[in-house]
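# What the coordinates show
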Amino acid sequence: ISVYFVSGAEAHRIGAALESVQGWAAEIVVILQQDVSDGTEELARAQGAIVVREPWKGFVGQKASGLEKTSSAWTLNLDADEVVTPELREEISRAIAEAGPEIDAFNFPRCTQFLGRWIRHGDWYPDRVIRLARRDRVRWGGEEPHAQLQVTGRIGRLRSDLLHYSNESIDRQVTKIPPYSTAFVQASLRSGRQATWVDLLFRPAWRFLRG
């Protein structure tokens with residue numbers, strides 16, 4: 001299995017993610033933004049990763065580039081703030097060994113830690129993500145900034161959690177909002193989508209109840 005990351009300046013936390021797949025993955029590939037200088041590259045190389053610096057092409061473009069640079073039949077995509085537990089690692093190994101030819105990918109639950117607490121309700125959990133896939137049967141798509149693996153075949157389901165160490169402070173949560181909202185506006189402009197009075201009246205209440 002090949003594991004690939006898309007990373008910015010993540011020297012403060014990518015180490016745990018890399019350690020969680022070390023000695024198990026056949027190769028680890030890190031697609032690193034070109035202007036990063038915080039030591040992420042050196043840390044990743046020290047843990048055996050192949051580091052490729054590239055200009056930022058958006059989440060979809062960067063993840064597609066990472067997938068292209070892997071060589072194993074099965075691939076696993078991770079973010080710098082995600083950790084594969086021993087239970088998930090064992091389940092992945094068993095799943096790909098037993099997977100029939102009709103299965104192209106697997107999803108699994110992601111459990112997020114926010115301000116030191118594991119969130120297990122609402123929109124936050126189980127938050128199933130498709131990250132494990134056959135290299136030559138999937139492609140990255142979706143709308144920025146929400147890249148998604150596009151799968152045509154069957155998708156299997158795993159039970160073990162991927163740990164997501166999301167935001168350690170309110171400040172970090174707030175600083176993440178502008179890039180995401182800007183990307184959403186740009187995608188809406190390209191598609192011709194406009195907000196309506198129905199959106200304004202009902203969507204906030206629906207999102208509050210759903211979450």
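As a starting point, this report considers the structure included with it. (Residues numbered from 1 in each chain as written. Predicted model: local features only at pLDDT ≥ 70, side-chain atom pairs only at ≥ 80, totals over all residues. Heavy atoms only, no water.)

### Comments concerning the overall build of the protein chain
- Scanning the protein chain for helices and strands turns up 6 helices and 13 strands.
- Taken over C-alpha atoms, the radius of gyration comes to 18 Å for the protein chain, in line with the 17 Å a tight globule of 211 residues would show.
- Considered along the principal axes of its C-alpha atoms, the protein chain spans approximately 55 × 40 × 35 Å.
- Taken across its 211 residues, the protein chain has 43% of its residues classed as buried. (Helix = DSSP H or I, 4+ residues; strand = E, 2+ residues; numbered from the N terminus. Rg over C-alpha atoms; globule rule 2.2 N^0.38 Å. Buried < 20%, exposed > 50% of the residue type's maximum accessible area, 1.4 Å probe, protein only.)

### What to know about the pairing of strand E13 (residues 162-167)
- Counting buried positions over the 6 residues of E13 gives 5, a clear majority of the element.
- Across 3 bridges, the pairing between strand E5 (residues 82-84) and E13 is antiparallel. For Val-83, the partnering residue across the bridge sits in E13 and is Leu-163. (Pairing = 2+ DSSP bridges.)

### A closer look at the sheet that holds strand E7 (residues 110-114)
- Strand order across the open sheet formed by 4 strands is E5-E13-E7-E8, with mixed pairing between neighbours. Across the chains shown, the open sheet's two edge strands, defined by having one partner strand only, are E5 and strand E8 (117-119). Direction aside, the axes of adjacent strands within the sheet are offset by 30° on average. (Axes fitted to C-alpha atoms, helices over the stretch in contact; angles between N-to-C directions.)

### With respect to the side chain of Arg-13
- Note that Arg-13 resides in the loop between strand E1 (2-7) and helix H1 (14-19).
- Arg-13 sits in the buried class, given a relative accessible area of 16%.
- Within the structure, the side chain of Arg-13 is placed 3.3 Å from the backbone oxygen of Ser-166, a separation counted as a polar contact.
- Once residues lying within four places of it in the same chain are set aside, the contact partners of Arg-13 are Ala-80, Asp-81, Tyr-165, Ser-166, Glu-168 and Arg-172. (Polar contact = N/O pair within 3.5 Å; in protein donor to acceptor, adjacent residues only side chain to side chain. Contact = heavy atoms within 4.5 Å.)

### Here's the deal with a nonpolar patch on the surface
- A cluster of nonpolar side chains, contributed by Leu-115, Ile-170, Val-174 and Ile-177, occupies part of the molecular surface with about 350 Å² of accessible area.
- Inspection of the secondary structure puts Ile-177 in helix H5 (residues 170-191). (Patch = residues over 30% accessible without salt bridge, like charges linked within 9 Å, V, L, I, M, F, W, Y side chains within 5 Å. Areas by Shrake-Rupley, 256 points an atom, 1.4 Å probe, with all protein chains shown as cover. Salt bridge = Lys/Arg side-chain N within 4 Å of Asp/Glu carboxyl O.)

### A word on the environment of Gln-47
- Among the structural elements, Gln-47 can be located in the loop between helix H2 (40-46) and strand E3 (50-54).
- Along the primary structure Gln-47 and Gly-23 are separated by 24 residues, whereas in three dimensions their C-alpha atoms are 9.9 Å apart.
- Each residue touching Gln-47, except ones within four places of it in the same chain, is listed here: Gly-15, Leu-18, Glu-19 and Gln-22.

### Some words on the pairing of E1
- Counting buried positions over the 6 residues of E1 gives 6, a clear majority of the element.
- Alternating positions in E1 separate into two faces, Ser-2, Tyr-4 and Val-6 on one and Val-3, Phe-5 and Ser-7 on the other, with burial throughout.
- Relative to strand E2 (residues 27-33), E1 runs parallel, the two sharing 6 bridges. Across the sheet, Val-6 pairs through a bridge with Ile-31, a residue of E2.
- Examined bridge by bridge, E1 and strand E4 (residues 74-78) share 4 bridges and lie parallel to one another.

### Brief notes about helix H4 (residues 86-98)
- Its 13 residues give H4 an end-to-end C-alpha distance of 18 Å, which sits within 8% of 18 Å, the value for a rise of 1.5 Å per residue.
- Along H4, the residues that are buried comprise Leu-88, Glu-91, Ile-92 and Ala-95. With its buried residues spanning 105° around the axis, H4 presents them on a single face. Opposite its buried face, H4 presents the exposed residues Glu-90, Ala-97 and Glu-98, each directed more than 90 degrees away.
- In this structure, the buried side of H4 is in contact with E4, E5, strand E6 (103-108), strand E9 (129-134) and E13. (Expected span 1.5 Å × (residues − 1). Arc of directions from axis to C-beta.)

### What about the sheet that holds E2?
- The strand order across the open sheet formed by 7 strands is E3-E2-E1-E4-E9-E6-E12, and the pairing between neighbours is mixed. The sheet terminates laterally at E3 and strand E12 (154-157), the two strands that pair on one side only. For this sheet the average axis-to-axis angle between neighbouring strands, irrespective of direction, equals 25°.
- On the sheet, helix H3 (residues 58-68) packs against E1, E2, E3 and E4 and is oriented at approximately 150° with respect to E1.

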